[in-house]
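Summary of structural features
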Amino acid sequence: MLATVVARLVQMAFVMFGISVLVFLIFFATPGSDPAARIAGRNASPETVEQIRHDFGFDRPLPVQYVVMMKRLFVTRDLTSFVNRGQKVIPEVLDAIPATLSLVGGAAVLWVLGSLAVGVAAAALRDTAVDRGLMILSLIGISAPVFWLGEVANLLSQSRYHDTWLFSWVPGLGYVPLSESVSGWFKALVIPWITLAVLYIGIYGRVLRANLIEAYSEDYIRTARAKGLSPTRIMLRHALRTSLLPFITMFGLDFGALVGGAALLTEVVFGINGIGRLTFHALQNLDLPVILATVIYASFFVVAANALVDVLYAVIDPRVRA
Amino acid sequence: MSPLLDVRHLRVTFTTDGGPVTAVHDVSFAVQPGEVLAVVGESGSGKSVSLLSVLGLVDRRRTVVEGEATFRGEPILGLSERALRRIRGRDIALISQDPMTALTPVHRIGDQIAEQIRAHERVSRHAARDRTVALLRDVNIPMPERAVDRYPHELSGGMRQRAVIAMALSCNPALLVADEPTTALDTTVQAQVLDMLRRLSAQHGSSVVLITHDMGVVAEMATRVAVMYAGRIVETGTVAELFDDPWHPYTWGLLDSIPPLTGPRPRRLPSIAGMPPPPGRTEPGCPFAPRCRAAMPICRLPPPEQVAGGHRALCVLDAPTRAALRPPRVAA
Ligand SMILES: Nc1ncnc2c1ncn2[C@@H]1O[C@H](COP(=O)(O)OP(=O)(O)O)[C@@H](O)[C@H]1O
Ligand SMILES: [Mg+2]
């Protein structure tokens, strides 16, 4: 078990290194494009470009350039964005991380619990009205675009019914840091959490139902029934436990992607300054240092989430541990 | 002596996409305390369905189970799931065919056995574990103290089937339903597992319904036999009756396919030519007639039941005709 964890961590470090090299090469060593000019921005003077070329070491060999870049990114943390007039990149990213983590983390709790409830209830009550109702609801949840859902939520809670008892507690749009006020953080995020979670509750609930129904046709479920176990115990200990693997795989991928910036639409709709928005603006302005920082940050979460999935696999399924 | 399990006129119909399919037609059998009843027949003849439907282990929403069945004199068909749960595992235990898939892959075998004990008896975790170790020792699993903590995939097929048998015996069931318990195992392991099953069921005082397609296993294990074909019991009687004087041509075919105990094994055992009818068949006549070497025009009518004591068969052939077609084997 411990060996699995250590092996995964080492592997993860290698993958991260590989990604940073790849990203660096794509942005700074693409033949025919001058990274110094791109960092300097569209209307920079030739002097600025020369200055940047020297600062970043673009006049030196590639490995040196890579080391200089990584040093400025992780050690001195003084990588600056010229597009944004010399703003430091790292603090900007560090500011965005808690907002995105809060948004995605809370939504993940909701969607895991919600889809477990939907999947288990639908499978247990298979072919009944409850099952059909839940499946239709999840299909609706999957089909509703998150920006539309968010706008409707805003319309109801921010303006239309803001003065009724139902929504009078809803604060204005934007993120409230947890360190500032726990209740403020919570209130600011509840509606974004639900909005972001709806899609995933729909997808995960349907996938889980399908996996559970498949599990119920397995011999070991008949064994469990022949043992005289209660339906609840059969569901939770025998069917659900063996149906969780695909669920966890999906969770790892989705969570990593969302934390890495894929929650962009939700962030925009609810005015949360997270990684998604930061990346989006950087891309619009071709702000290379920020893009570099956010891509590496995002890849870290994708890789970390996948490593976590592998560890969870080993926890859940003894056959993987071998 | 009143039978432990008495099944009468059992009929099982599945709802399928192609309409209702009757897999078991008017099946009656009884299991006496302490006996081993073998249910034998080709694959697909309805052996498993007959027993599983009595235990309520078929999909209730897609299956119609008709007829009567009593266990210890009390009706068992149509009991609520809750009431059946108290019987399953405690009074009637099931050993299924494939040990590779019968255990939940993610739990230790000891936990899976203890779970059954604790579902039926108020015993501590610790006591249940001790009993599990003892059970594993009884089924000859080496180092049972260690084996309790093994996962199914860490054991061989034979060892897993032993664990399944230990689990089935864990609450001293009055009746053990063993559905082809050795079909998936190597021949050498088969004999050991059957031996053990016979010894332990006797020791626990359990009656056994042994489902098999192997007449050799029947001869080894059973006291009585029910031969199934196309969802019907076509012949039933004691092992001696069926082996010495089989009435139904289908039984002849099954008996002829037993490999000889001594001498060289023939290259190909004689097998019954043809295929069993599809489960949706509706003609009223004898379902075996198309494959029967003694078929006559009258076989297109429903076959009469012939009875002599406990020996019954669904076939028109009378004793002289049978004797002419198949001289009785002299008991060796
Ligand atoms: N759930 C089901 N739905 C439809 N048909 C079934 C179902 N289960 C079994 N059958 C059919 O019932 C017949 C008897 O099956 P079974 O009792 O498993 O045979 P066996 O004698 O090999 O144990 C087969 O023709 C099988 O196809
Ligand atoms: Mg079967």
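Since the structure is predicted, the reported quantities are computational estimates derived from the model, not experimental observations.

1. Some remarks on the pattern of salt bridges
Applying the stated criterion to the full structure yields 30 salt bridges over all chains. Put simply, Arg-237 of chain A and Glu-115 of chain B hold a salt bridge, and the shortest N to O gap is 3.1 Å. Placement of the pair is Arg-237 of chain A in helix H10 (residues 231–262) and Glu-115 of chain B in helix H4 (residues 109–120), with the two residues belonging to separate chains. The partly exposed category is assigned to Arg-237 of chain A, whose relative accessible area is 24%. Residue class for Glu-115 of chain B comes out buried when judged on its relative accessible area of 5%. Salt bridges sharing partners connect three or more residues here, namely Arg-126 and Asp-127 of chain A together with Asp-59, Arg-61 and Arg-62 of chain B.

2. Observations regarding the nonpolar core
Among the nonpolar cores identified, the biggest contains 78 residues, and Phe-28, Phe-58, Met-69, Leu-73, Trp-111, Leu-196 and Leu-212 of chain A are the most heavily contacted of them. Each residue touching Phe-58 of chain A, except ones within four places of it in the same chain, is listed here: Phe-28, Pro-35, Ala-36, Ile-39, Ile-52, Arg-53, Gln-65 and Met-69 of chain A. Counting residues in hydrophobic clusters, the runner-up holds 64 residues, among them Ile-165, Leu-197, Leu-200 and Leu-242 of chain B.

3. Topic: the domain arrangement of chain A
When cut into domains, chain A gives domain 1 (2–76) and domain 2 (95–271). On a C-alpha basis, the centres of domain 1 of chain A and domain 2 of chain A stand 37 Å from each other.

4. Re the UniProt feature "domain: ABC transporter" (unreviewed entry) in chain B
The sites that carry the UniProt feature "domain: ABC transporter" (unreviewed entry) are, in the present numbering, residues 7–255 of chain B. Measuring from the first to the last C-alpha atom of residues 7–255 of chain B gives 26 Å, for a span that is 40% helix and 27% strand.

5. So, the side chain of Glu-235 of chain B
All names here are of chain B. Position of Glu-235 among the secondary structure elements: in strand S10 (residues 232–238). Buried and unpaired, Glu-235 has no salt bridge, with Arg-322 as the nearest side chain of opposite charge at 7.1 Å. Looking at Glu-235, its side chain comes within polar contact range of the main-chain nitrogen of Trp-247, at 2.8 Å. Reaching out from Glu-235, the side chain makes a polar contact with the side chain of His-311 at a distance of 2.7 Å.

6. A short note on the confidence of the model for chain B
For chain B, per-residue confidence averages 91 on the pLDDT scale, and 95% of positions sit at 70 or higher. On the interface metric, ipTM, the complex scores 0.91, and its pTM is 0.87.

7. Structural notes on helix H5 (residues 125–138) of chain B
Residues and elements named next belong to chain B. A rise of 1.5 Å per residue sets the reference length of H5, with its 14 residues, at 20 Å; its end C-alpha atoms lie 20 Å apart and thus fit the reference within 8%. Buried residues along H5 sit against H4, helix H6 (144–147) and helix H7 (157–169). One or two positions beyond H5, positive phi appears at Asn-140, with a value near 65°.

About the thresholds
Residues numbered from 1 in each chain as written. Chains lettered and ligands numbered in written order. Predicted model: local features only at pLDDT ≥ 70, side-chain atom pairs only at ≥ 80, totals over all residues. Heavy atoms only, no water. Salt bridge = Lys/Arg side-chain N within 4 Å of Asp/Glu carboxyl O. Helix = DSSP H or I, 4+ residues; strand = E, 2+ residues; numbered from the N terminus. Buried < 20%, exposed > 50% of the residue type's maximum accessible area, 1.4 Å probe, protein only. Core = buried A, V, L, I, M, F, W, Y, C linked by side-chain atoms within 4.5 Å. Contact = heavy atoms within 4.5 Å. Domains from an automatic or database assignment. UniProt positions renumbered as here; feature names shortened; annotations may be inferred. Lys, Arg positive; Asp, Glu negative; His and termini not counted. Polar contact = N/O pair within 3.5 Å; in protein donor to acceptor, adjacent residues only side chain to side chain. pLDDT = per-residue confidence, 0-100. Expected span 1.5 Å × (residues − 1).

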